[in-house]
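# Structural characterization, general
The primary structure of each chain is shown beneath.
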Amino acid sequence: MRMKICLHGLEIKHQNQLLGLVRNLLPDCLSKYKVKDKYLDDDDTYKYREARFKPKTIDGINVICAYGTMTVNDKSLPISDVIVDFDNTSELAVKFVKEFVTKLLDGKNRFVLAEPNFDLRIAMLKGRLHLDELATYDEEKAGCLAYTHLPWQVYEINRVWEVVLTHEDDKPLIRQLRVKIRRLRSVISLLSPLFNEDELEAWQKVWKSFFDGLAGVRELDVALLACERITRMDEGKEEKGVPLLEKILNEKKNAVMHEYLGKLKLNAITKEHTDFLIWLYTTKLVEETSTCKLQDFLLLRFTKWSNKLLELTEKYPDTTDMVSLHKIRIKLKRFRYALQSVPEIKKSTELLRALKNLQDSLGLLHDDFVGEELLESIMNEYPGNKELHYEIALFKGWDKGKASSALENFPIMWDNFCNLLRNWQNANL
């Protein structure tokens, strides 16, 4: 099967720069040049000059340089892409791809992964991507899910990384990046029977390391958001909010972001993500599961998964234990993200709403639990600051009120969720 890896250059100023960069990394090649353009619905277009290089000594490889523009929703976007088209069954071709990508990303020019098909890239940018229209989609083989449901998520994650490393102080971006990584990990878990267990576990650890690296920022963001809400509640009063605590939290957040994000290079992240795609496109899928019908595979996976959710309170009976409740929350969140990412399975709006509400409620309990440790550490750093200690006590009281309400409502919310989940199972699985 032929697969494509597309790397989009971020600082390519002209076509000759792109061609020179690629030619220097290639062996002796046959080359072809042409212009491609297309008009789509809604006045979307793309037009680019293409240079196609075929190494004379290696079969199953084409390296394409595409330079031009696309117009999406009346916005002009650059095309400055290096696309490697390769035979994933050829060891020599795969070896070439790995070496070529490594050399390209070791250079000074920054790259991110992108969808190699420009029609599909425009559809993604417009939020209209239909996975069942992809060339690799096959209802008769569950194995195609690996090639249709995972790559586009990797493209999105890599794109957001580029923006995060450029705008470190943008809180919504950090949250967005964590959600996208968690969503990808959830779908990987859903599709896990398709892959070699040890190989997949190694990649899950890689994605988790990115996720965990951003965790410290997230916890401080949650505390800062609570500070903002307390300030809004105190509007009109002589003393407003918790300014000292907010200042310290902001300083800690900036330090954490600088320490973690300051070490990261976009090309190194892109290389990790590209290695994942190359593995995905070349690994040998488990024959027993990958050759069964796509719908049968998904129905079986969601049946098993939803049954396990219904047993969670039996597995974690102490619903006052914050560690157990956090485990329940993570499992609910993973299920919700996987369900939302698979268009082949019918959704229930009520079930998704109940999942989100339950997840948010448990999130309040976790934030209170983690925040308690954070606030204690700040108090220990400033033992003689009475004003700060007063603000922390005010913050704790406000936080505890929310957490207590969430804990009290949990049994009712859980029973409602279980009823909705059983109804959804009966109707769709």
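Residues numbered from 1 in each chain as written. Predicted model: local features only at pLDDT ≥ 70, side-chain atom pairs only at ≥ 80, totals over all residues. Heavy atoms only, no water.

### Overview of the overall build of the protein chain
Looking only at helices and strands, the protein chain features 16 helices and six strands. Summarising its shape, the C-alpha atoms of the protein chain cover approximately 75 × 50 × 45 Å along the three principal directions. Each of the 429 residues in the protein chain was classed as buried or not, and the buried ones make up 49%. Once local pairs closer than 6 in sequence are excluded, the contacts in the protein chain between residues at least 24 apart make up 74%. When the accessible surface of the protein chain is split by element, carbon and sulfur atoms take 49% of a total near 21,600 Å². Looking at charge distribution, the protein chain has the averaged site of its 65 positive side-chain charges lying 3 Å from that of its 66 negative ones. (Helix = DSSP H or I, 4+ residues; strand = E, 2+ residues; numbered from the N terminus. Buried < 20%, exposed > 50% of the residue type's maximum accessible area, 1.4 Å probe, protein only. Contact = heavy atoms within 4.5 Å. Areas by Shrake-Rupley, 256 points an atom, 1.4 Å probe, with all protein chains shown as cover. Lys, Arg positive; Asp, Glu negative; His and termini not counted. Charge placed at Lys NZ, Arg CZ, Asp CG, Glu CD.)

### Let's talk about the packing of aromatic side chains
Under the counting rule described, the total for this entry stands at 20 aromatic pairs. Here phenylalanine 96 and phenylalanine 100 contribute two aromatic rings whose centre-to-centre distance is 5.8 Å and whose plane-to-plane angle is 10°, an arrangement assigned as stacked. Taken together, the residues phenylalanine 96 and phenylalanine 100, both in helix α2 (residues 91-105) and four residues apart, mark about one turn of the helix. Geometrically, the ring pair formed by phenylalanine 302 and tryptophan 424 is edge-to-face, given 6.4 Å between the ring centres and 85° between the ring planes. Of this pair, phenylalanine 302 sits in helix α12 (residues 294-310) while tryptophan 424 is found in helix α16 (residues 386-428), placing the two residues 122 residues apart along the sequence. On the basis of relative accessibility, which here comes to 0%, the residue phenylalanine 302 falls in the buried class. By relative accessible area, which is 2% here, tryptophan 424 ends up buried. Aromatic rings pair up to connect Trp161, Phe195, Trp203, Trp207, Phe210, Phe276 and Trp279 into one cluster. Seen from the ring of phenylalanine 211, arginine 178 lies directly overhead, with NZ or CZ sitting 4.1 Å from the centre. Between arginine 185 and the ring centre of phenylalanine 211, over which it is positioned, the NZ or CZ distance is 5.9 Å. (Phe/Tyr/Trp six-rings, centres within 6.5 Å; stacked < 30°, edge-to-face > 60°. Lys NZ or Arg CZ within 6 Å of the ring centre and 35° of its normal.)

### Describing the layout of surface pockets
The volume enclosed by the largest pocket comes to roughly 1,300 Å³. Forming the boundary of the largest pocket are 47 residues, of which Arg178, Arg182, Arg218, Arg329 and Lys333 lie nearest the centre. Elements supplying a minimum of two residues to the lining of the largest pocket: α6 (171-190), α7 (197-213), α8 (215-233), α14 (322-341), α15 (349-381) and α16. Sort the elements by how many residues they give to the lining of the largest pocket and α15 lands first, with ten residues. (1 Å grid on protein atoms, 1.4 Å probe; cavity = no way out; pocket = protein on both sides within 12 Å on 5 of 7 lines; lining within 4 Å. Points joined across faces, edges and corners; volume = space filled by probe spheres on them.)

### Re a positive patch on the surface
On the surface, Lys304, Lys308, Lys315, Lys327 and Lys331 cluster together into a positively charged patch. On the secondary structure map, lysine 327 appears in helix α14. Lysine 327 gets classed as partly exposed once you look at its relative accessible area, which sits at 40%. (Patch = residues over 30% accessible without salt bridge, like charges linked within 9 Å, V, L, I, M, F, W, Y side chains within 5 Å. Salt bridge = Lys/Arg side-chain N within 4 Å of Asp/Glu carboxyl O.)

### Focus on the sheet that holds strand β6 (residues 111-113)
The six strands lie next to each other as β2-β3-β4-β5-β1-β6, forming an open sheet whose pairing is antiparallel. Of all the strands in the sheet, just β2 (29-39) and β6 have a single pairing partner and so form its edges. Each strand of the sheet is rotated relative to its neighbour by a mean of 25°, with strand direction disregarded. With eleven bridges connecting them, β2 and strand β3 (residues 45-55) associate as antiparallel partners. Across the sheet, leucine 30 pairs through a bridge with lysine 54, a residue of β3. Across the sheet, helix α3 (residues 118-125) is in contact with β1 (2-9), β2, β3, β4 (61-72) and β5 (75-87); its angle to β4 comes to roughly 45°. (Pairing = 2+ DSSP bridges. Axes fitted to C-alpha atoms, helices over the stretch in contact; angles between N-to-C directions.)

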